[in-house]
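Understanding the architecture of this molecule
Here is what each chain is made of, one letter per residue.
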Amino acid sequence: MKKFRALGFLLILFIPLWLFIIAPVLTVIPQDFSYKAEVFSLDNFYSPEKAAYIGQQISKTVFSYDLVKEENGVLIIRSIFVVRTLTGDKIFSVERLYGINPKTGQHVMGYGDKDREGYLFAPKKLRYGQPFTYWHINYDNPAHMEFKAEEEVHGLKVYRYETNYNADQTENLEYLPEVPEKYGVNLDINLQLWVEPVTGRMIKYEDRTEAYYYDISSGKRMYPWNKFNNRYSDLSIKEQVSIAKADKRTFYLLHFGVPFVILLIAVILFVLEFKQRKEKTSLDSRNKKHSEKK
């Protein structure tokens, strides 16, 4: 009898251990982590000679993350963003390294190619309305994302976030004429993210940006360089939704399903112990009455 009760108490004590130590380990960013998306890009370059934009053109964009190595428990994740014209001419190309905490998805100071705060995508168990900081590879400045709405994308509940901010891309655009000797390039950015709140996975993003040449000496803006828009293809959105749904099921199984089963087994053990005790008491009572009759 006491064995059932003792085992039941041990199982109940095991639940916090599972929730706060084991389950988080089982939901870390995996060693084979990768993230790829097909980005539909439109560029609209400005002609100083005509003093007008020359019209939108479709560009080819590569956007991906992959795990490079692990250092002292920190994941070094490489992100790549390459934009070319349909004929293969370079528009923009950059590769960055992020140092990421595998449990939380947060940037870790002292790792990667520079110190960053915030998250690779978004926090796990994201609360309704909770803001967070994200570093988009294209701009490499902290984007402080503000909650805008709860939406549904292909049957998945997501939170939409938005921000307006600025960045300087001079360092990544030195192939342009007289950059950086005479001109720099800075940007006005509108960025939107759609994230799955339980896992913090980014389902899609869209940006609308205007880029300007500015005078290196004075900092004064001269004239536009490009007006562009990036967004996920519908196929990539569906792929990210599918992955997020699977990750969300795993999260719920580990954080709710397994603890519920453990608790259920503990309750069954207590019930068995109670029944055995009741049967023993009943048997002892019958034996006592039988002895008294003798």
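All figures in this text were calculated on a predicted structure; none of them were measured in a lab. (Residues numbered from 1 in each chain as written. Predicted model: local features only at pLDDT ≥ 70, side-chain atom pairs only at ≥ 80, totals over all residues. Heavy atoms only, no water.)

**Observations concerning the overall build of the protein**
As a reminder, the rule being used: Per the convention used, a helix needs a DSSP run of H or I reaching at least four residues, while a strand needs a run of E reaching at least two, with both numbered from the N terminus. Put simply, the radius of gyration uses C-alpha atoms, and a globule should come to 2.2 Å times the residue count raised to 0.38. By definition in these notes, contact holds between two residues if any of their heavy atoms fall within 4.5 Å. Each accessible area is a Shrake-Rupley estimate made with a 1.4 Å probe; only the visible protein chains count as cover when residues are assessed. Charged-residue counts in this description rest on Lys and Arg as positive and Asp and Glu as negative, His and the chain ends being excluded. Each charge is placed at NZ for Lys, CZ for Arg, CG for Asp and CD for Glu.
Across its full length, the protein holds 2 helices and 12 strands. Along its sequence from the N terminus, the protein presents helices and strands in the succession α-β-β-β-β-β-β-β-β-β-β-β-β-α. In terms of overall dimensions, the protein is more spread out than a globule: its C-alpha atoms have a radius of gyration of 29 Å, far above the 19 Å expected for 294 residues. Once the C-alpha set of the protein is aligned to its principal axes, its extents read approximately 120 × 40 × 30 Å. Taking the intrachain contacts of the protein between residues at least 6 apart in sequence as the baseline, contacts between residues at least 24 apart amount to 56%. If you sum the accessible surface of the protein, you get close to 16200 Å²; carbon and sulfur atoms cover 56% of it. Each charge sign in the protein was given a centre, from 41 positive and 36 negative side chains, and these centres are 16 Å apart.

**Re the side chain of R201**
In plain terms, the rule: Any residue under 20% of the maximum accessible area for its type is buried, any over 50% is exposed, and the rest in between are partly exposed; the area is computed with a 1.4 Å probe on protein chains only. Any carboxyl oxygen of Asp or Glu that lies within 4 Å of a side-chain nitrogen of Lys or Arg is treated as forming a salt bridge with it.
With respect to the element layout, R201 can be found in the loop between β10 (183-195) and β11 (202-215). Despite being buried, R201 has no salt bridge partner; D247 is the closest side chain of opposite charge, sitting 4.1 Å away. The contacts of R201, once residues within four sequence positions are left out, are S34, Y35, F121, W194, V195, E196, Q240, I243, A244 and D247.

**Thoughts on the packing of aromatic side chains**
What counts here: Whether two aromatic rings pair depends on their centres lying within 6.5 Å, for rings of Phe, Tyr and Trp, where Trp uses its six-membered ring; planes under 30 degrees apart make the pair stacked, over 60 edge-to-face, and the rest tilted. Charge-over-ring contacts are defined here by two conditions on Lys NZ or Arg CZ: a distance within 6 Å of the ring centre and an angle within 35 degrees of the ring normal.
Under the definition given, this model contains 27 aromatic pairs. An angle of 75 degrees between the planes, with centres 5.3 Å apart, marks the rings of Y46 and Y53 as edge-to-face. Look at Y53 and you get partly exposed, because its relative accessible area is 27%. Considering the side-chain rings of F63 and F81, the 5.8 Å spacing of their centres and the 70 degrees angle between planes classify their relative orientation as edge-to-face. On the criterion of sequence distance, the pair formed by F63 in strand β3 (residues 57-71) and F81 in strand β4 (residues 74-85) is long-range, its members being 18 residues apart. The ring of W135 is capped by R116, whose NZ or CZ atom sits 5.4 Å from the centre of that ring. Above the ring of W194, the side-chain terminus of K204 is found at 4.3 Å from the ring centroid.

**Remarks on the nonpolar core**
Stated formally: By nonpolar core is meant a set of buried Ala, Val, Leu, Ile, Met, Phe, Trp, Tyr and Cys residues that side-chain atoms within 4.5 Å join together.
Ranked by internal contacts, the top residues of the largest apolar core, which has 59 residues, are F63, Y65, Y134 and M202. A total of 8 residues in this core trace back to one element, the largest contributor, which is β10. Setting aside chain neighbours within four positions, we find M202 in contact with Y35, F63, Y65, F121, Y134, L193, W194, V195, Y232 and Q240.

**Here we look at a negative patch on the surface**
For the record, the criterion: A patch is a set of surface residues, each over 30% in relative accessible area and not in a salt bridge, joined within 9 Å for like charges and within 5 Å for the nonpolar side chains Val, Leu, Ile, Met, Phe, Trp and Tyr.
On the surface, E171, E174, E178 and E181 cluster together to form a negatively charged patch. Relative to the helices and strands, E178 resides in the loop between β9 (156-168) and β10. Take E178: its relative accessible area is 44%, and that puts it in the partly exposed class.

**Looking at a nonpolar patch on the surface**
On the surface, F260, V261, L264, I265, I268 and L272 cluster together into a nonpolar patch covering about 530 Å² of accessible area. A relative accessible area of 36% means that L272 is categorised as partly exposed.

**Regarding the pairing of strand β5 (residues 90-100)**
Rules: Criterion used throughout: strands pair if DSSP finds at least two bridges between them.
One ladder, built from 10 bridges, connects β4 with β5; its direction is antiparallel. Counted as the bridge partner of I77 is Y98 from β5. The loop that links β4 with its antiparallel partner β5 comprises 4 residues; one of these, G88, has a positive phi angle of about 95 degrees. Where β5 meets strand β6 (residues 107-112), 2 bridges bridge the pair, whose relative direction is antiparallel. Pairing of Y98 across the sheet is with G112, part of β6. Counting the residues in the hairpin turn of β5 and β6 gives 6 residues, including G105, whose phi is positive at 80 degrees.

**Thoughts on the environment of R127**
The residue R127 is located in the loop between β6 and β7 (132-135) in this model. Residues R127 and Y159 lie 32 residues apart in sequence; the distance between their C-alpha atoms is 9.7 Å. In this structure R127 touches Y159 and Y161, once residues within four positions along its chain are discounted.

**Here's the deal with the environment of F14**
Structurally, the position occupied by F14 is in helix α1 (residues 2-26). Judged by relative accessible area, F14 falls into the partly exposed class, the value being 29%. Sequence spacing of F14 and Y128 is 114 residues, and the spatial spacing of their C-alpha atoms is 30 Å. Apart from the residues within four sequence positions on either side, F14 is in contact with I22 and I262.

**Quick word on unusual backbone geometry**
V179 connects to P180 through a cis peptide bond whose omega is 10 degrees. Along the chain, the position of P180 falls in the loop between β9 and β10. Positive phi, close to 50 degrees, is recorded for K125, a residue that is not glycine. Using a relative accessible area of 57% as the deciding quantity, one classes K125 as exposed. The phi dihedral of E178 falls on the positive side, at around 65 degrees, and the residue is not glycine.

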